[in-house]
Amino acid sequence: MRSAFVDTLFCLAKKDKKIKIVTGDLGFGVLKPFYDDLSECFINAGIAEQNMTSFAAGMAIEGLKPVTYSIGNFPTLRCLEQIRNDICYPNANVKIVCVGGGYTYGVLGVSHHATEDIGVMRSLPNIIILSPCDKNEAISCTKYMMHVNRPCYLRLGRNGSANFTDDSILNLPPTINKIIDGKDAAIFCTGEIISEAIKASCNLRQEHGISIAVFSCPILKPFPSKLFLEIISQNHFNTIMTLEEHNVINGLGTIVNDCFCFSTNKPKIIKLGIDDLLSSAVGNQQYLRQINSIDSAAIINEVLKLKNDKHF
């Protein structure tokens, strides 16, 4: 997914030299095309994310199109005040890219667990938030964020190499994408954790005869609420689930729940995400998903409980 982002940005930067990528002393392997062939568009700001962010804001105010790039919480939580004051307040055209959302860097401990970033960034005015599930959505999101003239936050996975969407979305603005059709209930996901929902949906269909639709939500702010409500209405979903590798507070589950604030026909909503905690456990991404009950087995158990309780 990060390679799809870099390749897309590189192609755009070859045509538009105002695009500058500013790294916090990270990502040299994947950013090699920039410092090899577009060295004038590549800046290493060092391990100084606050300075990197304010520097990028100044570049944007001068008419450039800077993209800050780092891993986990480093380009977001570490420099939140600079994002708020220097980027969001003047509505500066800076793109913030995080590689390694959720538990991607799980073996490095809680400092590298990016599990509150969506909620924190979502509370800031003027910013667009993008969280693709695969390479195609990453390309679509990258093109979109470089087209709009306002702050954007792009949250990428690191390990995803599969494509769950088709090539028809590559040149379209990010929107809700159907991955698997289903009639009994629906799972709305954001980010590469959608792979767990796909595994669960296939297992439930084959082993239990339960038909669960899976949707990807690559744009979280502004959320396409009208389209979302149309999907629920047209498919007559009485039960929906949300799945995210993020705190259950102020992430996708909260966004979806807010869509029904003024609805008199609200479906049952199950929010699957990380309980309101910082994990003291250390391990790879799959292990941390498992112990936090956001893997395919946890989804299957939740769906079977819903069926036993006759929710569909």
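Our subject is the structure that appears above.
None of these values were measured; they are calculated from a predicted model.

J.: Can you walk me through the overall build of the chain in this structure?
T.: Helix and strand content of the chain: eleven helices and twelve strands. Since a compact globule built from 312 residues should have a radius of gyration of about 20 Å, the 19 Å found for the chain is in line with a globular shape. Expressed as lengths along the three principal axes of its C-alpha atoms, the size of the chain is roughly 60 × 40 × 35 Å. With 312 residues in all, the chain has 57% of them scored as buried. Residue pairs in contact within the chain that sit at least 24 positions apart in sequence constitute 76% of those at least 6 positions apart. On the chain, roughly 13000 Å² of surface is accessible, and the fraction owed to carbon and sulfur atoms is 50%. In the chain, which carries 30 positive and 30 negative side-chain charges, the distance between the mean positions of the two groups comes to 4 Å.

J.: Looking at this model, I keep getting lost on the sheet that holds strand β8 (residues 185-189). Mind explaining?
T.: The pairing of strands in a sheet comes from backbone hydrogen bonds and takes either a parallel or an antiparallel form. Spatially, the five strands line up as an open sheet ordered β7-β9-β8-β11-β12, and their pairing is mixed. Taken across any chain shown, the strands that pair with only one partner, and hence form the sheet edges, are β7 (177-180) and β12 (268-274). Here the strands of the sheet are splayed against their neighbours by 25 degrees on average, with no regard to which way each runs. This element, helix α7 (residues 194-208), spans β7, β8, β9 (212-216) and β11 (239-247) of the sheet and lies at about 165 degrees to β9. Against the sheet, helix α11 (residues 296-308) makes contact with β8, β9, β11 and β12, and its axis sits at roughly 155 degrees relative to β11, the strand it touches most.

J.: How should I be thinking about helix α4 (residues 80-88) in this particular structure?
T.: Residues that lie three or four places apart on an α-helix share one face, since the helix turns once every 3.6 residues. For α4, the set of buried residues is Q82, I83, I87 and C88. For α4, the buried positions fall inside an angular range of 150 degrees around the axis, keeping them on one side. Exposed side of α4, more than 90 degrees from the buried face: E81 and R84 are the residues found there. Buried residues along α4 sit in contact with α3 (49-61), β4 (95-99) and α5 (117-122).

J.: Looking at this structure, how should I read the side chain of T190?
T.: Structurally, T190 is set in the loop between β8 and α7. The buried category is assigned to T190, whose relative accessible area is 1%. At a separation of 2.9 Å, a polar atom in the side chain of T190 contacts the main-chain carbonyl oxygen of C217. Those residues in contact with T190 that lie beyond four places of it in its chain are S131, C217, L220, L243, E244 and L252.

J.: Got a minute to help me understand empty space enclosed by the protein in this structure?
T.: One way to see where empty space is left: roll a probe the size of a water molecule over the atoms. Applying the stated criterion across every chain yields a total of one cavity of 30 Å³ or more. Its volume calculated, the largest cavity comes out at about 90 Å³. In this structure, the largest cavity is lined by 14 residues; those nearest its centre are G101, R155, G191, E192 and E245. Across the lining of the largest cavity, the residue classes tally to three nonpolar, eight polar and three charged.

J.: What exactly am I supposed to notice about the sheet that holds β4 here?
T.: If you trace the seven strands from one edge of the open sheet to the other, you get β2-β1-β3-β4-β6-β5-β10, paired in mixed fashion. At either margin of the open sheet sits one strand with a lone partner, and together these are β2 (42-44) and β10 (219-221). Each strand axis lies, on average, 20 degrees off the axis of its neighbour in the sheet, ignoring direction. Strand direction decides the pairing type here: strand β5 (residues 128-130) and β10, joined by two bridges, are antiparallel. Each residue of the ladder has a partner; that of I129, found in β10, is K221.

J.: I would appreciate a short explanation of a nonpolar patch on the surface in the present structure.
T.: The grouping of V107, L108 and V282 at the surface amounts to a nonpolar patch, some 270 Å² of accessible area in total. Along the polypeptide, V107 turns up in the loop between β4 and α5. Taking the relative accessible area as the measure of exposure, V107 reaches 54% and is therefore exposed.

J.: Honestly, helix α8 (residues 225-235) in this entry has me stumped. Any pointers?
T.: Where α8 is concerned, the buried positions are F228, I231 and I232. Axial view of α8: buried residues confined to an arc of 95 degrees, hence all on one face. In α8, the exposed positions angled more than 90 degrees off the buried face are occupied by K226 and Q234. Summarising the contacts, the buried residues of α8 are in contact with β8, β9, β11 and α9 (252-258). Among the residues trailing α8, H236 stands out with phi positive, at a value near 55 degrees.

Basis of the calculations
Each chain carries its own residue numbering, running from 1 in the written order of its sequence. In keeping with the predicted nature of the model, local features appear solely for residues at pLDDT of at least 70, side-chain atom pairs appear and are counted solely at 80 or more, and the whole-chain, interface and lining totals rest on all residues. Working from all heavy atoms in the structure, the side-chain values ignore hydrogens and water. Secondary structure elements are taken from DSSP: a helix is a run of H or I of four residues or more, a strand is a run of E of two residues or more, and numbering for both begins at the N terminus. It is over C-alpha atoms that the radius of gyration is taken, and the globule rule equals 2.2 Å times the number of residues to the power 0.38. For every residue, the accessible area (1.4 Å probe, protein chains only) is compared with the maximum for its type, and the residue is labelled buried under 20%, exposed over 50%, or partly exposed between those bounds. Note on definitions: a residue-residue contact is assigned when non-hydrogen atoms from the two residues lie within 4.5 Å. Computed with a 1.4 Å probe, the accessible areas rest on the Shrake-Rupley method; for each residue, only the protein chains presented here act as cover. Neither His nor the chain ends is counted toward charge; the positive residues are Lys and Arg and the negative residues Asp and Glu. Taken as the charge location is NZ of Lys, CZ of Arg, CG of Asp or CD of Glu. Two strands are counted as paired when DSSP detects at least two bridges linking them. Note on method: axes are straight lines fitted to C-alpha atoms, helices fitted across the in-contact stretch only, with angles between N-to-C directions ranging 0 to 180 degrees. Throughout, the arc means the angular range of directions from the helix axis out to the C-beta atoms. Residues adjacent in sequence count toward polar contacts only when both atoms are side-chain atoms; beyond that, a polar contact is any pair of N or O atoms within 3.5 Å, and within protein one must be able to donate a hydrogen and the other to accept it. Space inside and on the surface of the protein is sampled on a 1 Å grid over the protein atoms alone, with a cavity defined as a set of points where a 1.4 Å probe fits but cannot get out and a pocket as an open set with protein on both sides within 12 Å along at least 5 of 7 lines; lining residues have an atom within 4 Å of a point. Grid points are joined across faces, edges and corners, and a volume is the space filled by probe spheres set on the points. Classes in brief: Ala, Val, Leu, Ile, Met, Phe, Trp, Tyr, Cys and Pro nonpolar; Asp, Glu, Lys and Arg charged; the others, Gly included, polar. Patch criteria: residues need more than 30% relative accessible area and no salt bridge. Like-charged residues are merged within 9 Å; nonpolar side chains of Val, Leu, Ile, Met, Phe, Trp and Tyr are merged within 5 Å. What counts as a salt bridge is simple: a side-chain nitrogen of Lys or Arg found within 4 Å of a carboxyl oxygen of Asp or Glu.

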